[in-house]
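Listed here are the chains, written in short residue letters.
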Amino acid sequence: MKAWLCENPIGVEALQWLELPQPVPTAGQIRVQIKAASLNFPDLLIVQNKYQMKPALPFVPGTEFSGVITELGEGVKGLAVGQRIAAFGGLGGFATEVCIPATLAMPLPDAFSFEDAAAFICTYATSHHALMDRAALRAGETVLILGAAGGVGTAAIQIAKAAGARVIAAAGSDAKCDACKALGADATVNYTSQNLRDELKSLTAGKGPDVIYDPVGGDLAEAAFRSIAWRGRYLVIGFAQGAIPALPLNLALLKGASIVGVFWGEFAKREPGANAKMLGEVAGWYAACKIKPVLDRVLDMEELPAAFARMAARKVVGKLVLTNP
């Protein structure tokens, strides 16, 4: 097999495309021939040694992928060699093969393409868990989505619209705002050229958004939180801008608002039954054409450094996907 190996997490430039021994599944594992893998922001952080999880060295990055089962480890039931699956494995996706716990495999119907499947689990599970579970989003409410043109942002637009909410998409360029409108956003704000608070006041008749979905953090956070509606829910998704904001807690008091942490990965571990039910629901929405991953580019697996460069330059709309022949 071949894989992008990280022996020293100092950045993308240290990754090497190497030939490695074929992995052998242990008890409870499956071996997967990887057909496609997608790039998520944590993939960049982990090779820079900036992510909360610090894997033992060396490691193969790549959190999310799809492919075909080629071997079952001892005791694996309910899956079969030749079956198409997707998985959020945490590591190992930027390769031609990987072994993962069988419990992580999400069986795929034939109509689910490998490219869509590789870009599906992390963004849609995060966004559904955030909006429908943590925020208890209701039809008719207004959702502000920051970083709306990114992977989780484009998923959040689709899920919020499927739930009957009004969506205000905030992004960093007119082109990205246009892409959000094409996905169904009701209004957009270009926060590089427009004042976020002024635009939110105008777009909500002074009420503010009921739910704020924030995967960006940084200097946008306080301006957004100051605009939140009474009893609003501020969803802490991540910190793509780099800086972790320090929100004045008196704002939560004055607005009767909630600051809600969203950690889908931990939710999946602690509440596997609820997570499986949720994944079934979003897979059903995909089958019903209510949601569909936005693919920015589909590149060869060997082009991983170019994909990382595009992500670091914040040029991506939706998800970048890498494929093996």
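First, a word on what this report is: a plain description of the structure on this page. (Residues numbered from 1 in each chain as written. Predicted model: local features only at pLDDT ≥ 70, side-chain atom pairs only at ≥ 80, totals over all residues. Heavy atoms only, no water.)

### Here's the deal with the side chain of D210
Following the sequence through the fold, D210 ends up in the loop between α6 (196-203) and β11 (211-214). Looking at D210, its side chain comes within polar contact range of the main-chain nitrogen of T142, at 2.8 Å. Setting aside residues no more than four positions away along its own chain, D210 makes contact with E141, T142, A229, G232 and R233. (Helix = DSSP H or I, 4+ residues; strand = E, 2+ residues; numbered from the N terminus. Polar contact = N/O pair within 3.5 Å; in protein donor to acceptor, adjacent residues only side chain to side chain. Contact = heavy atoms within 4.5 Å.)

### Regarding the pairing of strand β13 (residues 258-261)
Taken residue by residue, a regular strand's side chains alternate between the two faces of the sheet. Where strand β12 (residues 233-236) meets β13, four bridges bridge the pair, whose relative direction is parallel. Directly across from R233, in β13, lies its bridge partner S258. Viewed along the sheet, the connection from β12 through helix α8 (residues 249-255) into β13 turns out right-handed. (Pairing = 2+ DSSP bridges. Right-handed = clockwise from strand over helix to strand, strands pointing away.)

### Observations concerning the pattern of salt bridges
Throughout the structure, instances matching the rule amount to twelve salt bridges. Residue R31 pairs with E71 through a salt bridge whose shortest N-O separation is 2.7 Å. One end of the pair, R31, is in strand β3 (residues 29-39); the other, E71, is in strand β4 (residues 64-72), with 40 residues separating them in the sequence. Residue R31 is classed as buried on the basis of its relative accessible area of 10%. E222 serves as the salt-bridge partner of R226, at 2.8 Å between the closest nitrogen and oxygen. Residue R226 and its partner E222 are both found in helix α7 (residues 220-226); the two are separated by four residues, about one turn of the helix. Given the relative accessible area of 31%, E222 is considered partly exposed. (Salt bridge = Lys/Arg side-chain N within 4 Å of Asp/Glu carboxyl O. Buried < 20%, exposed > 50% of the residue type's maximum accessible area, 1.4 Å probe, protein only.)

### Digging into the layout of surface pockets
Its boundaries defined by the atoms lining it, the second largest pocket holds a volume of some 300 Å³. Taken together, 15 residues form the lining of the second largest pocket, with V60, L91, G92, V98 and C99 sitting closest to its centre. Split into classes, the residues belonging to the lining of the second largest pocket amount to twelve nonpolar, two polar and one charged. (1 Å grid on protein atoms, 1.4 Å probe; cavity = no way out; pocket = protein on both sides within 12 Å on 5 of 7 lines; lining within 4 Å. Points joined across faces, edges and corners; volume = space filled by probe spheres on them. Nonpolar A, V, L, I, M, F, W, Y, C, P; charged D, E, K, R; others polar.)

### Considering unusual backbone geometry
With an omega dihedral of -10°, the bond running from L57 to P58 counts as a cis peptide bond. Here P58 is to be found in the loop between α1 (41-47) and β4. Of note in this structure, R231 is not a glycine but carries a positive phi near 60°. On the secondary structure map, R231 appears in the loop between α7 and β12. Notably, C289 is not glycine yet its phi reads approximately 65°, a positive angle. For C289, the position within the fold is in the loop between α10 (272-287) and β14 (295-300). Overall, the relative accessible area of 70% leaves C289 in the exposed class.

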